[in-house]
Amino acid sequence: MTTIQPERRQNLPLREIFDNAYVMIEPFFDPNAGWGGHSLEHLAFRVLRENFPQLSSEDVHAIVVAAHRVYIERNPGSSGHLKRPSELRSSIPQ
């Protein structure tokens, strides 16, 4: 018998846009799309702000961190160049 798990996410509006946001910013995590050996993940913040102007800086950060985690889970062999999600907190562009 399958039990239904309660929704753990607290911010459902962010969850609703996450899939679209992820598609927009996933290329910035790809090591083959970097510049001089560095990832372009910092550009993800700009793309999200431009495409979702209603989001606060905290919401943009939450989406980037979640997308970062998803990318690492989906691409374990090609994510070693990325900072760990906990390290993103100190590099939030304002």
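Please read all numbers here as calculations on a predicted model, not as lab measurements. (Residues numbered from 1 in each chain as written. Predicted model: local features only at pLDDT ≥ 70, side-chain atom pairs only at ≥ 80, totals over all residues. Heavy atoms only, no water.)

Novice: I keep staring at helix 3 (residues 57-74) and nothing clicks. Help me out?
Specialist: An α-helical segment advances 3.6 residues per turn. Residues three or four places apart therefore align on the same side. For helix 3, which comprises 18 residues, the first-to-last C-alpha distance of 26 Å matches the rise-based estimate of 26 Å (1.5 Å per residue) to within 8%. Regarding helix 3, the residues found buried are V60, H61, I63, V64, V65, A67, H68, V70, Y71 and I72. (Helix = DSSP H or I, 4+ residues; strand = E, 2+ residues; numbered from the N terminus. Expected span 1.5 Å × (residues − 1). Buried < 20%, exposed > 50% of the residue type's maximum accessible area, 1.4 Å probe, protein only.)

Novice: Where do I start with the nonpolar core in this structure?
Specialist: It is characteristic of soluble globular proteins that their nonpolar side chains tend to be buried jointly. Counting 21 residues, the largest nonpolar core has I25, L48, L55, I63 and V64 as its most contacted members. Of all the secondary structure elements, the ones that give two or more residues to this core are helix 1 (12-25), helix 2 (42-51) and helix 3. Among all residues touching L55, those that are not within four sequence positions of it are L14, I17, V60 and I63. (Core = buried A, V, L, I, M, F, W, Y, C linked by side-chain atoms within 4.5 Å. Contact = heavy atoms within 4.5 Å.)

Novice: What should I look at first to understand the packing of aromatic side chains in this one?
Specialist: Aromatic rings considered in pairs are described by the distance between their centres and by the relative angle of their planes. Using the criterion set out here, one finds two aromatic pairs in the structure. Ring centres 5.8 Å apart and planes at 40° place the aromatic pair F29 and Y71 in the tilted group. Of the two residues, F29 is situated in the loop between helix 1 and helix 2 and Y71 in helix 3; the sequence distance between them amounts to 42 residues. Note that R74 overlies the ring of Y22, its terminal NZ or CZ placed 5.0 Å from the centroid. (Phe/Tyr/Trp six-rings, centres within 6.5 Å; stacked < 30°, edge-to-face > 60°. Lys NZ or Arg CZ within 6 Å of the ring centre and 35° of its normal.)

By themselves these figures say nothing about function.
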